[in-house]
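This is what each chain is made of:
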Amino acid sequence: MRPIGIGLIGYGAIGRVHALAYRAIPIHYGFRAETVKIIGIAGTNAKAVEAAAGELDCKVWTTDYHELLDRKDIDVIDICVPNHLHEQIILAVAQAGKHIFCEKPLAMNVLQGQRILAAVEKAGVKHQLNFNFRAYPAITRAHQLVEQGFLGRIFSFRGCYYRSSYISPEKPLSWRLSREVAGGGALFDLGSHVLDLIYYLLGEFDSIQATAETLIKERPLKPGSKEKGLVDVDDMVLMQARLANNTLGSIEISRMGTGITNGMKIEIFGERGAIRFNTEEPSWLEVFDVRDIDQPTGGMSGFRKVQAAGRFEGHKAPDWTMTPGFVATFVESQYKFLKAVSDDLQPAPSFKDALHIQQVMQAAMLSSEQQRWVSIAETLQS
């Protein structure tokens, strides 16, 4: 891959995730570090943007994103800003001839989306929306199975995305709770992902029936404030959908899913089989095949887990045996150790902790060899 310069607009929570991914790409795929380089960053708060540039090791930072568009060393503009700003930025980027990677959703409404598409097509630039759930290896496998006709005629589907991110009535207002800025609530924020996966796996939609509800209609204007403001976007949406091929299905979307941190499920039912996927078990695609032997006793009928793991084509590391999210555990572990060194704290797990685990393993081996119970204390004497 040729060297690519990135200009990042917006550096909130999702902007940081994008930046992390860009920094990791050369390691994952075995490129030289300079192959993917964040050249500059733009935001609205000068102090915050300057700090972000320091984190990203990029010398260019600005509060006017147009400055990034004028740079010849920037090939791609990555947009991580509130939804209501997407159109104006995309139109400017397209006019500047830069390729565009943008967070979902595309726009505030269909009309904006039409203008956006017309602009990027006229400019001839590459463009992609970040529906990153497609990248789960299990979803890739599901797509293959559908394309191969494994399920036969599709009877129905079900999509469900629940988060517990807004269950507290004390959570203050933010741009995601404003229709003027976000365009929609849970439907835009979470539903866009589910809808894209159904579209990706099964094809275009034909018609929709939906019920939306705002469960907490007022929230504090800021943390700890007694003054409250109106929430004018949905907290949850229940949908029935008919696809262009006449397949029927249901979709549930909620940011009020108590106990569910971030759980999305997709189920597809067909005449020859069924598949289902749950983001909380990202290494597996569950598959049912009606052609399996079905006997009262000893048969093979039932859902089976098909290993998907981290099968990303071309990855050098992590390899396919490492589950999605595995690398993040290294980041957290090493950060905590460096923090302990920096702030004179006690690292954990320490060598003392490691010794105890070694004792447990030793006891297990002794027990296996001697066919008896072995105490942990005994291992210090063996």
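Residues numbered from 1 in each chain as written. Predicted model: local features only at pLDDT ≥ 70, side-chain atom pairs only at ≥ 80, totals over all residues. Heavy atoms only, no water.

Engineer: Can you walk me through the packing of helix α4 (residues 86-96) against helix α5 (residues 110-123) in this structure?
Structural biologist: Helix packing geometry: the angle between the two helix axes and the distance between the axes. Relative to each other, α4 and α5 sit at 10°, their axes nearing to 9 Å. Taken together, α4 and α5 sit at an angle that is classed as roughly parallel. Contact residues: α4 offers Glu-87, Ile-90, Leu-91 and Ala-94, while α5 offers Gln-112, Arg-115, Ile-116, Ala-119, Val-120 and Ala-123. (Axes fitted to C-alpha atoms, helices over the stretch in contact; angles between N-to-C directions. Helix = DSSP H or I, 4+ residues; strand = E, 2+ residues; numbered from the N terminus. Parallel < 35°, antiparallel > 145°, perpendicular 65-115°, else oblique. Contact = heavy atoms within 4.5 Å.)

Engineer: Would you mind going over the layout of surface pockets with me for this structure?
Structural biologist: In this approach a probe as big as a water molecule rolls over the atoms, and the regions it shows empty are the leftover space. Here the second largest pocket defines a volume of roughly 910 Å³. If you go around the second largest pocket, you meet 25 residues; those closest to its centre are Pro-105, Leu-106, Ala-107, Leu-129 and Phe-131. When residues of the lining of the second largest pocket are traced back to their parent elements, those giving at least two are β5 (99-102), α5, β6 (127-129) and α8 (186-202). Residues that form the lining of the second largest pocket fall into these classes: 17 nonpolar, six polar and two charged. (1 Å grid on protein atoms, 1.4 Å probe; cavity = no way out; pocket = protein on both sides within 12 Å on 5 of 7 lines; lining within 4 Å. Points joined across faces, edges and corners; volume = space filled by probe spheres on them. Nonpolar A, V, L, I, M, F, W, Y, C, P; charged D, E, K, R; others polar.)

Engineer: Even after reading the chapter, I still don't get the environment of Gly-185, so can you show me in this structure?
Structural biologist: Locating Gly-185 in the fold gives a position in the loop between α7 (179-182) and α8. Taking relative accessible area as the criterion, Gly-185 reaches 0% and is therefore assigned buried. Separated by 69 residues in sequence, Gly-185 and Ser-254 place their C-alpha atoms 9.2 Å apart. Residues in contact with Gly-185, not counting those within four places in the same chain, are Arg-176, Val-233, Asp-234 and Arg-255. (Buried < 20%, exposed > 50% of the residue type's maximum accessible area, 1.4 Å probe, protein only.)

Engineer: How do you make sense of the nonpolar core when you look at a structure like this?
Structural biologist: Note on soluble globular proteins: their nonpolar side chains tend to be buried together. Core analysis: the largest hydrophobic core is formed by 32 residues, its most contacted members being Leu-202, Ile-268 and Ile-275. Where this core is concerned, the elements lending two or more residues are α6 (137-147), β7 (154-162), α8, β11 (236-243), β12 (248-254), β13 (263-270), β14 (273-278) and β15 (284-289). Other than its neighbours up to four places away in sequence, Ile-275 contacts Ala-142, Leu-145, Val-146, Leu-151, Ile-266, Glu-267, Ile-268, Leu-285, Glu-286, Val-287 and Phe-303. Counting 23 residues, the second largest nonpolar core, distinct from the first, contains Val-60, Ile-89, Val-93 and Ala-119. (Core = buried A, V, L, I, M, F, W, Y, C linked by side-chain atoms within 4.5 Å.)

Engineer: Just to check I follow, could you spell out the pairing of β12 for this structure?
Structural biologist: If a strand is regular, its side chains alternate between the two faces of the sheet. Bridge count between β7 and β12: seven bridges; the pairing is parallel. Bridged to Gly-159 within β12 is Ile-251. Summarising the sheet, β11 and β12 pair through seven bridges and their orientation is antiparallel. By the bridge assignment, Met-239 is partnered in β12 with Ile-251. Connecting β11 to the next strand, β12, in antiparallel fashion are four residues, including Asn-246 with a positive phi near 80°. (Pairing = 2+ DSSP bridges.)

Engineer: Explain the side chain of Lys-104 to me, please; I cannot follow it from the model alone.
Structural biologist: Tracing the backbone shows Lys-104 in the loop between β5 and α5. Judged by relative accessible area, which is 11%, Lys-104 ranks as buried. Here Asp-189 takes part through its backbone oxygen, which lies 2.5 Å from a polar atom of the side chain of Lys-104. In contact with Lys-104, other than residues within four places in its own chain, are Asn-83, His-86, Leu-129, Asn-130, Phe-131, Phe-188, Asp-189, Ser-192 and His-193. (Polar contact = N/O pair within 3.5 Å; in protein donor to acceptor, adjacent residues only side chain to side chain.)

Engineer: Help me understand the sheet that holds strand β1 (residues 4-9), please; the structure alone is not making it clear to me.
Structural biologist: What links the strands of a sheet is backbone hydrogen bonding, and the strands pair in either a parallel or an antiparallel sense. Strand order in the open sheet made by the six strands is β3-β2-β1-β4-β5-β6, with parallel pairing throughout. Two strands close off the open sheet at either side, each with one partner strand: β3 (60-62) and β6. For this sheet the average axis-to-axis angle between neighbouring strands, irrespective of direction, equals 20°. Packed on one face of the sheet, α4 meets β1, β4 (76-79) and β5 and runs near 160° to β5.

Engineer: Sorry, what's going on with unusual backbone geometry here?
Structural biologist: Comment: phi is negative for the bulk of residues other than glycine, and the bulk of peptide bonds are trans. In this structure, the amide linkage connecting Lys-104 to the following residue, Pro-105, adopts the cis form with an omega of -5°. As for its position among the elements, Pro-105 is in the loop between β5 and α5. In this chain, Ala-348 is followed by Pro-349 through a cis amide linkage whose omega measures 0°. Even without glycine at this site, Asp-344 takes up a positive phi of about 55°. Here Asp-344 is to be found in the loop between α9 (326-343) and α10 (351-370). Take Asp-344: its relative accessible area is 71%, and that puts it in the exposed class. Of note, Gln-371 is a non-glycine position whose phi angle comes to about 55°, a positive value. Here Gln-371 shows up in the segment after α10.

So, to be careful, I would describe these as geometric facts and stop short of saying anything about function.
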